[in-house]
Structures are given as structure tokens and as C-alpha cells.
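Summary of structural features
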Amino acid sequence: MSSAASSPRKSPPATGVLHSLAQRLWPSLGTASAIQRPTSIGIAGLPDGIGQLPSHVPVSLVAADSRSAAAWFPALIEDALAAGPLGLVASSTQWLDELLEYPELRAAYRAGRLKLWVLSPGLQAQVQRHGLSLLVQELERTGLLPQHALYLCDAQNLLSGLNVAQLAHVSDQLSALCRQQQRPVVLGFTPPLDATAFLPTLRNLCQMSMHIATLHADADRWRLSLDRWGSDTGALFQTGFGLVQDASTHRLTADGTRTQGATPELVTAADQWGVLATRASVEAQRGIPGHWRIVDGLEDIEVAAATCVASTVLIDAGSAGDFESRARLVHHLRLSRPPTLKIVVRENLGKLRTHSEQALLQLGASAVVYKEVGFSRLLQLLQDINAQSHTRKVHPDYAQALDSFMPPRERGYQAPGRFCTLVRGMLDRTHDIGLSHSLVRLNMLDRMPHLDALRACHTSRDGDLFTADHEAIYVFLFACREPDVELALQRVFALPLTQLFTSQATDCSAPGIRAMTEQLQESLRKGVPDYSAILATVSAPTPAALEAPPATPLAQLREDALALPKHTNIENQQSAASPLVVTRPQMRPRPIGQRAAPRPLGRTSA
């Protein structure tokens, strides 16, 4: 059994299911005071009597993380001692020794107002057979009186491993114990603990946990979530309160923020209607509300948002090269501010690629507003999301949070084998995040040389790749949904598809794309040509997170707006290394026939 070798009082351990570490209580504790002082929850500033612990019913207090346990439980114990004597049961002598480093607690222990017990290692087996009866008998034998508040810390060690019938039996015993004690009986749950897995048990055993409160650390603040609780105005369910820590006393106090619901919605906060916006995000807009705060750049936003709790931060998306700085700011704000802060990114110079938009949401943005959305609609959107809290978990490491959403730094023509490897790699990386891609197989016109079709293909975005076999051109579009494929192909090809291809087959499902690449891989055995040397000048990679508007179809261009390299036969590839003569190919527009997959490889697009 554990001993209290480092405790202030050193004495031989008592026999039984736990060890008593306290001096015998003074005789004065034998007579109960006629008027009981309310016992506080260790948190100041909570409204409507919420900060008081109820008596005669079980109370469960859950510290979801180590920061919460360190900030909450010492104050909780101090408040209990301020209202009367306390019996404290824990599973670790080290934790009790750390508590006794607090002067108030050490003084209460020496005065006999704080009585300590350490659970025996074999107690869990006893609880499975007999419930709490042996524990309660041992507590009463070694000094627990009705006047004591009783706090059972690390209660998960008592309850883990119990089946449903055993939990129900323990619940009944716990309720009986609460009725005989004059002051609160508290079950304390501390890390390491999977609160999401343990809370359903507490919710469903009302006799064991009539009142449930959980403390979470949120950046530099805390959040108290009341699953069910009593107040002066009636019962509360799924109510949250924002907390801050007093710099001088290190005790938690309410900051005025309140949320409601299983998915928290903001009810009130001091700054909930405040808006911080970069100047570029509202440039040339009329009717900007007078209470908005407009700042010049991202650095100013970061400084101004450092004290925000529930404001809205409006950031411009910028241009292609600005994605990195925006993404890092979104990630920093989400991790450093409470979840009630809203972060909105507004397109202003170009269109965000689908994966860039989803990456911003994964990094912590509340919403991405498209360039086409007018300012009045933007104002309505900000009002609509005002009550939202961010609930998606954000990875603390920026690079890991972003990695799955970003394509490899490859674009343009790839040799068929390399093309298949890159496509399958992108499918694997994005499998768990729901990012949709498209693979298009464009069947060549009979008299259309492959090189002419390949030279008409220009990709300007990382992750957009193309290759060819004997019969077709394959185009992979990273993070391109099926409704956007046609516009994307207009952007990729400098000539109308009717002048190059007879039909096309598009697949946007991962299994269908894999089947296409497997078929292409199989065709490599027939000696598919590699055009890499000839087309080396077509793809020059530059980072891009924003996509330009779709290219205007050739039919709408001026007659002299397009020039393509002159066709070179595959047999004369060696001579193609010399400078190519740029001429306009002579082709008649032909309609693409029925756009259907020549083989059943996936869905088709018309």
C-alpha cells in the first residue's frame, strides 16, 4: 500500500482499503453549526448562484486537461475549507504533497480541518465486488464526520472497469452517502482522462452525477461547461462560461462570455459585435459600419486581436503569393484565442483554389467569402455567424495541419509512369479529408498529332498534371469538383476541345481515378512514348494558391491571339531540341461526339 513518507505528518499507515494521512480532528468538529456556509466552486464571478456547490446530491467536476486541473482544484479545495472541514481522498501521495505546498491548505491540515486519505491499490477490485461500502466504512472509522465536505479526487480510478449493474449499485450507494453528509460530496476527475468517452457515462447515471461541470483550457483562457447544473433561476443544461485567470491570485474568474448548446452558440460577450478588418478586405466599399475597426495589414490584425474574445476578424485573401501569410495568421489566431472568435477570409484579388479554401477552414477559419459576394451580403453573413463557436479541432503544428491539403510542387506534363505515381500519391494524402479531384481522359482525333494537343495544354497550378498514351490525353485536376471540370479544361487548353478530341470521360471518384491510372499503367507495357524532353519548356513551376479566372475560349479571341508550335513527328524527336518555329496549326473545328467513356471506368460528363 502507498505511504505518506513526504507528508507533513509521518505515522504508520492504517490498515484497510485506504490510508489516513491526517491528524485526528479537533473535538470542536463533533458539533455541527446550525447554519452552513455555502461552498463555492473555486471560480469567481459566476452569475445566479452558479458558483455554489449543491449539497445532498452527487457532483462531478471534470478537469479536461492538466492546465485546468492545476488552475481549478487547489482553489476548489481552498473554498471548501473556507466553508468548513474537508475530507479529501486521492490516489497519489505526490499530488497531496503538491497541494500541501499551498500555505492555506498546509495550515488547514495542521489545524485538523483538512483530513487526507490515499486510496489503496486494490480498492478497485473491492468496489467491483462490494461497491463503495468498504470505502465508506473505512472513511467513517478513520474520522469522516457528517460535517465534512467529501471530495473524491481521481474518481475515474474508482469507476473504471465497472459494468452497468455495478455502476448502478455504486450510484445508489453514492446517493445514500450524499444524503447523510451535511456538505457537498464531489467526484473529481483529473487527467489523464478521455472526457469525451467518460462524460456519456456520467450523463446517463443521474444518481451518480446529478450535477456535471467540465473545465477546458482555451488558449490563454478557460471555458467552464455545465452539462447540467442548478442555479437561482432554475436548472441549466449545456451552458458554458468563459474564464480568465487573475494575475495576482491565480484564481479563475468569469469574463462575461456565455454560450449555450451542445454545439456552443454565443449568448453574450463583451466584444461579440466587434469587427476587425484589414483595409484591403473592405477597399472601395461603401456603408462600412462605424464601429468596425479598420487596420492596414496582417501584423496590425494580430496585435489588435490579441485581447479579443468573441469579435469577428475579417482578412483579405490577397493574391497568389499571399496564401502562406494568411494561412499562418488564421492558424495562430485560432490557437491563441477562444473558440468564440470568428475568423473570416474574403477573396479580393483572385479566386482561391478549392484545396486552399478547405485548408483555411481546417486551420481555423470560420468562413471563406467568395469574391462574387457583395458587401451587403457580407454584412448579413457576419451577422449570421455572430453566435458561432469554432468546434473543429485544429492541429497545433502548422505544417502538419496544412500538409494534406497542399498539392505536390509538380505541374504540367509528366511521363505516364510518373503521372500515375503522383496521382495515386495525391489520392492517398487527401483520402481522409474529403478533397475531391478529377481525372479526364480526352480521346484524340484520328489525324491530330499528340504533340499539338500536348502543346495546347498549359497548367499553371501545382497538382494539375497531364500525360498521354497512344489514344488519349489524360488531365488530372487537383481539388477540382466535377461541376468545375469544363471551366477548368477551358483554362488548361489553348484550343477548343472540338479541335483536338473526339470524346472525353471524366471521373471524380477515388476508385474510378485509380482504375484509370491502372489502365494507363498497363499500357506502359506497349511502349508509350515519353514527351518530357520535347515539352520541357511547357511547365515551369511557380507556387500558386489562387487560380486565375477561366481562360476565354478561342472562339472569342482575336484572330491573331493564339500561336502554337509547329507539329513535330515523334520519329523526329531528336531534331526537336532545336528552336521550334511557331505557327498556327491548320485545323477545322469539329464537334466532340458523344462524350462517353470508351470503357466503363466511371461517370461521364456531357
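Going by the structure above, here's the rest.
Here the structure is a predicted model, which is why all the values come from computation and not from measurement. (Residues numbered from 1 in each chain as written. Predicted model: local features only at pLDDT ≥ 70, side-chain atom pairs only at ≥ 80, totals over all residues. Heavy atoms only, no water.)

Considerations on the environment of Ala456
- Here Ala456 lies in the loop between α15 (450-455) and β23 (465-468).
- Under the relative-accessibility criterion, Ala456 is labelled buried at 0%.
- Along the backbone, Ala456 and Phe493 are 37 residues apart, and their C-alpha atoms lie at a distance of 5.4 Å. (Helix = DSSP H or I, 4+ residues; strand = E, 2+ residues; numbered from the N terminus. Buried < 20%, exposed > 50% of the residue type's maximum accessible area, 1.4 Å probe, protein only.)

Quick notes on the sheet that holds strand β21 (residues 412-413)
- Across the sheet, five strands lie side by side as β21-β23-β24-β22-β25; this open sheet has mixed pairing. Bordering the open sheet on either side are β21 and β25 (501-507), each of which pairs with just one other strand.
- Its contacts with the sheet put helix α14 (residues 416-429) on β21, β22 (438-444), β23 and β24 (472-477), and the angle it makes with β23 is roughly 145°. (Pairing = 2+ DSSP bridges. Contact = heavy atoms within 4.5 Å. Axes fitted to C-alpha atoms, helices over the stretch in contact; angles between N-to-C directions.)

Re the nonpolar core
- Ranked by internal contacts, the top residues of the largest apolar core, which has 42 residues, are Leu61, Trp72 and Tyr151.
- With eight residues, the top contributor of residues to this core is helix α1 (residues 66-83).
- Residues Val89, Val127, Leu135 and Leu177 belong to the second largest nonpolar core, which totals 32 residues. (Core = buried A, V, L, I, M, F, W, Y, C linked by side-chain atoms within 4.5 Å.)

Remarks on the sheet that holds strand β18 (residues 342-346)
- A sheet is described by the order of its strands in space; here five strands give the open sequence β16-β15-β17-β18-β20, paired in parallel fashion. Each edge of the sheet is formed by a strand with only one pairing partner; in this case those strands are β16 (293-295) and β20 (367-369). The sheet shows a mean angle of 20° between the axes of neighbouring strands, direction not considered.
- Pairing of strand β15 (residues 275-278) with strand β17 (residues 312-316), which is carried by three bridges, proceeds in the parallel orientation. In the strand pairing of β17, Ala277 is matched with Leu314.
- Sitting on the sheet, helix α12 (residues 375-384) is in contact with β17, β18 and β20, with an inclination near 160° to β18.

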